[in-house]
Structures are given as C-alpha cells and as structure tokens.
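# Examination of the molecular architecture
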Amino acid sequence: MTLDRFAPAIFVFLWSTGWIIAKYAALHSEPFTFLTIRYALSAVAFFTICLAIRTKWPSGALAWRAVYSGVFLHGCYLGGVWWAVAHGVPAGISGIIAAMQPLLTAMAASFLIGELLRSSQTAGLALGFIGIAVAISPKLMQPGVSDLLHAGIPLAVNLAAMFSVTYGTIYQKKHLQNGDLTAIATLQYLGALALTVPFALTFETFRFDGAVETYLALAWSVFGISVGGIALLLYLIRRGQVSRAASLIYLCPPTVAVQAFIAFGEPLTPPLIVGTAIVVAGVYLTNRKAPRAVKA
C-alpha cells in the first residue's frame, strides 16, 4: 500500500470538504471576511514553502498573469460559492453545481481555443445541465423559497462562480504553462486578496466570532485544503497520475452530499441522488477518451 494508491482519493476527500467548511464557517463568520483571512494565511504558507525550497520566482509578465488568474480561480470562484452557501444554497447542491466546471470548460474551450467536441461530449454537456436542473428543482419549489428572488439569486451567483473558475482555468492553460507552481500559487492568492478585501470592507462588518471551532475550520481550510490539496495535486502531477486525479475529482458531488448529510442533516433526496448520477454520467461522457481507431 503506497501513497500513489491513496493520494487521488485523499485529494478528492480534501477538496470535497471545502463546501462543508463553507457552510460551517457561515455560522461563525461572514464569507468574505473568512476568505480574506484564509487567502492571507495561504499566501504566507506558500511563500514560506517557496523560501524553504528556494523557488525561482516568475518574471514580471508571468507574475501579473498569475495574480490575474487568482482573481478568477480563487477570488470570484470561492467568493461566489461561499456567498451562495451563506445565503441558503445547500452544500450538497453547491457541490453538484461545481461538477459543471469541467463541462463548462469543455464548452468554452471549443469556442476560445478551438477544441472540437465529439458527439459523446456534446451529449455529456446536455446531461450535465439536465442533472443540475433535476438536483436543484426541489430547492426552487420549497414554500419558503418559492420566490425566485430568494432562491434564484444565490443559485445564480453559485453558477456565475463556475463560469469564473472556467475562465480562470482556460486562462491558466493558455498563459501559465511555465513557472514554478508554488510561486504561481502564492501570487494567485494575492490576486484573490485583491478582490476579496474590497468586498469584505464594503459589504461586511468583519464578523469573526473567534470560537475554537472557527479557528479549527480556518486551520483546515488553509492547511487541509489550500495547502494540502494543492500539495497532493503537485505530487500527482510529479508521479504522472493527472488523469487518475481528474477522473476521481468528479466524485466530489456525491462525496459532498454524503458529508453534508452527516454534518448538517441535509437530506439525500431522490432528486439530489438522481441529479448527481446524471451529472457524473455527463462528466464521464465529456471527459472519456476517444476510442483509438483500429488499424486495418
């Protein structure tokens, strides 16, 4: 039994806890306030790693691109997700919406960088959107949130966050292929801070109750997710297991749903289960490798 065997599954577990932490943190802190502290500590942690391993820092242009990508990959993405969860979107449903990110990336890539979609990928995109609709339909029909102004805005913000991380992912693919990943991660958190701090100053009162549980959530958020998750991803890249990690990461929605059921009692309703299954099937079709042509 080696780390090679368990690293992808551990990565999925760490990543999926992000939605649970988001909902838990909302009980003790305002979302942008919490994220501001998290980003600052994450930047310090990665900067410390960079000093320890004597990282070569990227050039001026590459550094600014890293900062810019961080605005979308961390700032807009997590900011939107955390705000939506804090305003009533269940963690399980938010996790399912997150599964749309690779689907949106595939769709955008076909327009922005000319990647053609196969028929199975087109079918996967359609299934993904159908799965989301099935999963969130009970949320929109609950008597307490039947007003779309209540239910629709947080869900729309959550979806907008997916478009943000999709843009950030494609931007990184085009402009950040070179450079040390730990240095880039440090600069990306600085970019996230540049967005999150103004939102916290403008719309929040910096509520952070300082309870032991809040600090534990913050510690897990920084070291378990921001640092631990990224460190495992770097390990997987080094060991040549990127495709394995990519396939397992789409298990996040059902993992989040189970964790939300255990932590908060969010029901595993039939629409949620069916919607999750449809999304997973859609992502599988979208990311499945094309069959090799048989030589005559």
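Residues numbered from 1 in each chain as written. Predicted model: local features only at pLDDT ≥ 70, side-chain atom pairs only at ≥ 80, totals over all residues. Heavy atoms only, no water.

### Examining helix α3 (residues 60-86)
Along an α-helix, residues three or four apart share an orientation, since each turn contains 3.6 residues. What counts here: Helix and strand assignments come from DSSP, with helices taken as H or I runs of at least 4 residues and strands as E runs of at least 2, each series counted from the N terminus. Every helix has an expected span of 1.5 Å times one less than the residues it contains. The reported bend at a residue is simply the angle between two axes, fitted to the 7 residues ending at it and to the 7 residues beginning with it. A 1.4 Å probe rolled over the protein chains alone gives each residue an accessible area, and that area as a share of the maximum for its type sets the label: buried under 20%, exposed over 50%, partly exposed in between.
Spanning 27 residues, α3 covers 37 Å between terminal C-alpha atoms, matching the ideal 39 Å at 1.5 Å per step. At G70, α3 shows its largest bend, some 30 degrees. Within α3, 19 of the 27 residues are buried, which leaves the element mostly enclosed by the surrounding structure.

### As for unusual backbone geometry
With a phi angle near 55 degrees, R54 is a residue other than glycine that sits in the positive phi range. When you line up the elements, R54 lands in the loop between α2 (31-52) and α3. At F206, a position not held by glycine, the phi torsion is positive, near 60 degrees. For F206, the position within the fold is in the loop between α8 (181-203) and α9 (212-238). For F206, a relative accessible area of 41% translates into the label partly exposed.

### What about the nonpolar core?
Heads up, the condition is: Residues belong to a common nonpolar core when they are buried Ala, Val, Leu, Ile, Met, Phe, Trp, Tyr or Cys residues joined through side-chain atoms within 4.5 Å.
W19, Y39, Y77, V81, W82 and M162 are the most contacted members of the largest nonpolar core, which has 48 residues in total. Tallying contributions element by element places α3 first for this core, with 7 residues. If you look at the next biggest cluster of nonpolar residues, it comprises 7 residues, including A63, L176, I184 and L187.

### What to know about a nonpolar patch on the surface
The criterion, for reference: Each patch is built from salt-bridge-free residues with over 30% relative accessible area, joining like charges within 9 Å and nonpolar side chains (Val, Leu, Ile, Met, Phe, Trp, Tyr) within 5 Å. Areas reported here follow the Shrake-Rupley algorithm with a probe of radius 1.4 Å; residue values treat only the protein chains shown as occluding. Take a side-chain nitrogen of Lys or Arg and a carboxyl oxygen of Asp or Glu: if they are within 4 Å of each other, that pair is a salt bridge.
Together, V258, F261, I262, L268 and I273 give the surface a local cluster of nonpolar side chains, amounting to about 470 Å² of exposed area. It is helix α11 (residues 252-264) that contributes the most residues to the nonpolar patch, 3 residues altogether. Residue placement: V258 occurs in helix α11. Taking the relative accessible area as the measure of exposure, V258 reaches 41% and is therefore partly exposed.

### What to know about the packing of aromatic side chains
This is how the line gets drawn: Pairing of aromatic side chains here covers Phe, Tyr and the six-membered ring of Trp, requires ring centres within 6.5 Å, and sorts the geometry by plane angle: under 30 degrees stacked, over 60 edge-to-face, intermediate tilted.
The tally for this structure, following the rule as stated, stands at 13 aromatic pairs. On the basis of an interplanar angle of 70 degrees and a centroid distance of 4.8 Å, the ring pair of F72 and Y167 is categorised as edge-to-face. With F72 in helix α3 and Y167 in helix α7 (residues 148-175), the pair connects residues that are 95 residues apart, well separated along the chain. Where F199 meets F203, the ring centres are 5.7 Å apart and the plane angle is 40 degrees; that geometry is what we call tilted. Of the two residues, F199 and F203 are both situated in helix α8; the distance of 4 residues between them amounts to about one turn of the helix. Looking at F203, the relative accessible area reads 61%, which means it is exposed. Clustering of aromatic rings is evident, with ring pairs tying together F34, W82, F208 and Y215.

### Observations regarding α11
With 13 residues, α11 should cover 18 Å at 1.5 Å per step; its first-to-last C-alpha distance of 17 Å lies within 8% of that length. Listed as buried for α11 are C252, P253, V256, A257, Q259 and A260. Where α11 ends, the next residue or the one after it, G265, has phi of about 75 degrees, a positive value.

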